[in-house]
Amino acid sequence: MSEKKLTGEVYFPPKDVVKYANARCEKLYESASEDIEAFWASEAKNLFWHKKWSQVLDDSNKPFYKWFVGAKTNIAYNCLDVHCQTPRRNKLALIWEGEKGEFHSFSYFALHRETCKFANILKSLGVKKGDRVTLYMGRIPELVIGMLACARIGAIHSVVYGGFSVEALHERLEDSQSKVLIVADGAWQRGKIIELKNIADEALQRAATVESVLVVKRTGHQINMESGRDMWYHELMNLPIANNSDCLEVVDAEDPLFMLYTSGTTGKPKAILHTHGGYMVGTYTTLKYVFDIHEEDRYWCAADPGWITGHSYIVYGPLLNGATSFLYEGAPTYPYPHRWWQMIEKYGINILYTAPTAIRGLMRFGDAWPNRYDLSSLRLLGSVGEPINPEAWRWYYKVIGKEQCPIMDTWWQTETGMFMITPMPCTPLKPGSGTKPFPGIVADVVDEAGNSVKPNEEGYLVIKTPWPSMLRTIWNDPDRYVNQYWSKYPGMYMTGDSARKDEDGYFWIIGRVDDVIKVSGYRLGTAEIESALVSHPAVAEAAAIGLPHEVKGNAIYSYVILRSGYEKTDKLLEELRLHVGHEVGPIAKPEQVEVVDQLPKTRSGKIMRRVLKARALGQDPGNLSTLEE
Ligand code: WTA
């Protein structure tokens, strides 16, 4: 990008970074815009294919796009085996630190060995290509090994975030019809144990398809082991089960790799489906260029592997690039707000990728905590999950990056699989803007009719070209896939976000236009919270909304109509909050539950959350013509 005059607050990338990032990023935009398919094909050639594709993109059955048609590969093979055939074999693939300070690391060789062993165990339990396996754990290496083992044998993994609870897990087990559940006995969170196995036992009483439960010992507290169903991971891993790599299943590029549940506009969470080939090319390419991964880098994505950020940029992207990925189990501020900075110094982390909510949370404790540590190993910083407010951006840039590290504010989604709107190391930055689409991506902001809006006008964010790591469908619900993403404007992918584009063509994300609430960067649906509330005997009807929150970005507020016979007491309101926590997960617990007599609805009975939101914020609710009498 040329240094033409840009409007607003602009930060030019430090010269050293640009030099290091080499000239490659500047040329990319050009080559990608000339021929998108050729661009992705040239990137794909850096990966290993057991059989080459006959066609890069098949768009004959839109919106069911196919990429690298006819090719055969396996993403886990590319993550591990490929590196094991080179000197990278002895390089660290994964470094892990536990909340209590324990440390463990895996070379590519070791991670390959553990993955193969576990893949053989899964096979011996009857897991076959196409079978679904659910994983429910904290941030521990076994989660990474479990995902890679599934991928290796062509099973479809479905990771359920360890912060979710009984009903959320049940729903996901049931919808995916998982045969095997891999769970940890517990997870450490701020010195306390989250009893994952107990939660799973309760969810399993509601779900019938699971035949085997493999339990990873992490916390070591007392749990129930159901005979014939539950088995210890460490005991199985010690069996003389073939440790060979013959377990590899060479799959079709378009074969499913994983499903990941996410919240949408209405109803139940939907399982977004990603495939081996396209997802591999997308995550490999974007991480390589945007975070400018080099051989000697230690890279830390502080997300949870249970969300898309962890899938793409803790596990697959870094391993495909042969990088060293760091994984930390605990919370940023436990036991003190020094923890992250201490680990950056200790491990010499070069790239840190996190969410605005974490930055705001750490910023609150002041500069003294980071200033106690040597953070000079950092070269690049990243942000994801929600818009970053300029104040947090500047703090991150100055206090953490010492004005030497550009911030890659990456906009993307579970559905996109990879970064879509993001700077590159060479991009002049504006705090709060994700800058421009990644090479090969055409994004736009459009009005109700689908026409591009003028600079600085707000509109719907859409993507106008297919990309390799795009979702292929919603598991078991292709109609919902078409309706939700492709029906509003033919040929355009509807992101669900509103945005504006400034006079320099920089994108500014405003927020969701649907009923998705981003709480601390976690994606939740109003429907999940509402259905948890109405599953309580005291609640007749419920509505949930997100309201701005200083640290979390958004916080959940909920409104309930009580059934007759129930009285509004503080005890009941607290019980309802806890009930949501128990059913969906602690992150979904409403900040406040308010009892009301009526909820604003349209004549067709749809709750008008916008009216509730306006009322709570003391704003004008706008057009009320569709409001029921
Ligand atoms: C929001 C997370 C502003 C956005 C990778 C999107 C962002 C949703 C950014 C997807 C960003 C993500 N700036 N907003 N850099 N990154 N979002 O599926 O609303 O958990 O639609 O994927 O997060 O959330 P998801």
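Residues numbered from 1 in each chain as written. Predicted model: local features only at pLDDT ≥ 70, side-chain atom pairs only at ≥ 80, totals over all residues. Heavy atoms only, no water.

**A word on empty space enclosed by the protein**
Gaps left between atoms are located by rolling a probe of water-molecule size over the structure's atoms. All chains considered together, the criterion is met by 1 cavity of 30 Å³ or more. As for the largest cavity, its lining consists of Val159, Val160, Tyr161, Phe164, Arg172, Leu260, Tyr261, Gly306 and Trp307. Tallied by class, residues from the lining of the largest cavity come to 7 nonpolar, 1 polar and 1 charged. (1 Å grid on protein atoms, 1.4 Å probe; cavity = no way out; pocket = protein on both sides within 12 Å on 5 of 7 lines; lining within 4 Å. Points joined across faces, edges and corners; volume = space filled by probe spheres on them. Nonpolar A, V, L, I, M, F, W, Y, C, P; charged D, E, K, R; others polar.)

**Some thoughts on the pairing of strand β4 (residues 92-97)**
Across the 6 residues that make up β4, a large majority, 5, are buried. With 5 bridges connecting them, β4 and strand β5 (residues 103-107) associate as antiparallel partners. Pairing of leucine 94 across the sheet is with phenylalanine 106, part of β5. With antiparallel pairing between neighbouring strands as the criterion, β4 and β5 make up a hairpin whose turn holds 5 residues, including glycine 101 at a positive phi of roughly 95 degrees. Where β4 and strand β17 (residues 324-328) come together, 4 bridges link them in parallel fashion. Note that in β17 the partner of isoleucine 95 across the bridge is phenylalanine 326. (Buried < 20%, exposed > 50% of the residue type's maximum accessible area, 1.4 Å probe, protein only. Helix = DSSP H or I, 4+ residues; strand = E, 2+ residues; numbered from the N terminus. Pairing = 2+ DSSP bridges.)

**Quick word on the sheet that holds β4**
The strand order across the open sheet built from 7 strands is β5-β4-β17-β16-β18-β19-β20, with neighbouring strands paired in mixed fashion. Where the open sheet ends on each side, the last strands, each with one partner, are β5 and β20 (407-410). Neighbour to neighbour, the strand axes of the sheet diverge by 20 degrees on average, direction disregarded. (Axes fitted to C-alpha atoms, helices over the stretch in contact; angles between N-to-C directions.)

**Here's the deal with the site of the ligand**
Taken together, 17 residues lie around the ligand, and Asp409, Thr410, Thr414, Arg512 and Arg523 are the ones closest in. Glutamate 386 is positioned such that a nitrogen or oxygen atom in its backbone is 3.3 Å from a nitrogen atom of the ligand. Measuring from a nitrogen atom of the ligand, one finds a backbone N or O atom of proline 387 at 3.5 Å. Protein coverage of the free-state accessible area of the ligand, which is 520 Å², stands at 97%. Looking at the shell around the ligand, the elements that each hand over two or more residues are α11 (308-320), β20 and β25 (507-512). Across the shell around the ligand, the residue classes tally to 6 nonpolar, 5 polar and 6 charged. (Near = heavy atom within 4 Å. Polar contact = N/O pair within 3.5 Å; in protein donor to acceptor, adjacent residues only side chain to side chain. Areas by Shrake-Rupley, 256 points an atom, 1.4 Å probe, with all protein chains shown as cover.)

**A closer look at helix α6 (residues 141-152)**
Compared with an ideal rise of 1.5 Å per residue, which puts 12 residues at 16 Å, α6 spans 16 Å between its outermost C-alpha atoms and is within 8% of the ideal. Within α6, 11 of the 12 residues are buried, which leaves it mostly tucked inside the rest of the structure. Within α6 the residues assigned to the buried category are Pro141, Leu143, Val144, Ile145, Gly146, Met147, Leu148, Ala149, Cys150, Ala151 and Arg152. Glycine 154 occupies a position one or two residues after α6 and carries a positive phi of about 80 degrees. (Expected span 1.5 Å × (residues − 1).)

**Details of the pairing of strand β26 (residues 516-519)**
Where β26 lies against strand β27 (residues 522-525), 4 bridges are found, and the strand directions are antiparallel. In the sheet register, lysine 518 faces β27, and the bridge partner there is arginine 523. The hairpin turn running from β26 into β27, its antiparallel successor, is 2 residues long, and serine 520 in that turn takes a positive phi close to 50 degrees.

**Observations concerning the environment of serine 165**
Looking at the element boundaries, serine 165 is found in the loop between β7 (156-159) and α7 (166-176). Counting along the chain gives 162 residues from serine 165 to leucine 327, while the straight-line C-alpha distance between them is 23 Å. Leave out the neighbours within four places in its chain, and serine 165 touches Tyr136, Ile199, Gly581, His582, Glu583, Val584 and Gly585. (Contact = heavy atoms within 4.5 Å.)

**Re the state of the cysteines**
If you walk through the whole model with that rule in mind, you get 0 disulfides. Not engaged in a disulfide, the cysteine cysteine 79 finds its nearest cysteine sulfur in cysteine 84; these two sulfurs lie 11 Å apart. What makes cysteine 79 buried here is its relative accessible area of 0%. Cysteine 247 provides the cysteine sulfur closest to cysteine 116, a residue in no disulfide bond, and the two sulfurs are 4.5 Å apart. By relative accessible area, which is 0% here, cysteine 116 ends up buried. (Disulfide = S-S within 2.5 Å.)

**Some remarks on the sheet that holds strand β8 (residues 180-184)**
Strand order across the open sheet formed by 8 strands is β12-β11-β8-β6-β7-β14-β15-β23, with mixed pairing between neighbours. If you trace the sheet from one side to the other, it starts and ends with β12 (230-232) and β23 (473-474), each paired once. Pairing analysis gives 2 bridges linking β7 to strand β14 (residues 256-262), with the strands arranged parallel. Paired with histidine 157 across the strands is phenylalanine 258, a residue of β14. Helix-sheet contacts for α11 involve β7, β14 and β15 (270-275), and the interaxial angle to β14 is about 140 degrees.

**Describing the pattern of salt bridges**
Enumeration over the complete set of coordinates arrives at 44 salt bridges. The closest approach of N and O atoms between glutamate 9 and arginine 394, which form a salt bridge, is 2.8 Å. With glutamate 9 in the segment before α1 (15-20) and arginine 394 in helix α15 (residues 390-400), this residue pair connects regions lying 385 residues apart in the sequence. For glutamate 9, a relative accessible area of 33% puts it in the partly exposed group. For glutamate 167, the salt bridge identified is with arginine 206, shortest N-O distance 2.5 Å. One end of the pair, glutamate 167, is in helix α7; the other, arginine 206, is in helix α8 (residues 196-206), and 39 residues separate them in sequence. Judged by relative accessible area, which is 24%, glutamate 167 ranks as partly exposed. One connected set of salt bridges, linked through shared partners, spans Lys197, Asp201, Glu226, Arg229 and Asp230. (Salt bridge = Lys/Arg side-chain N within 4 Å of Asp/Glu carboxyl O.)

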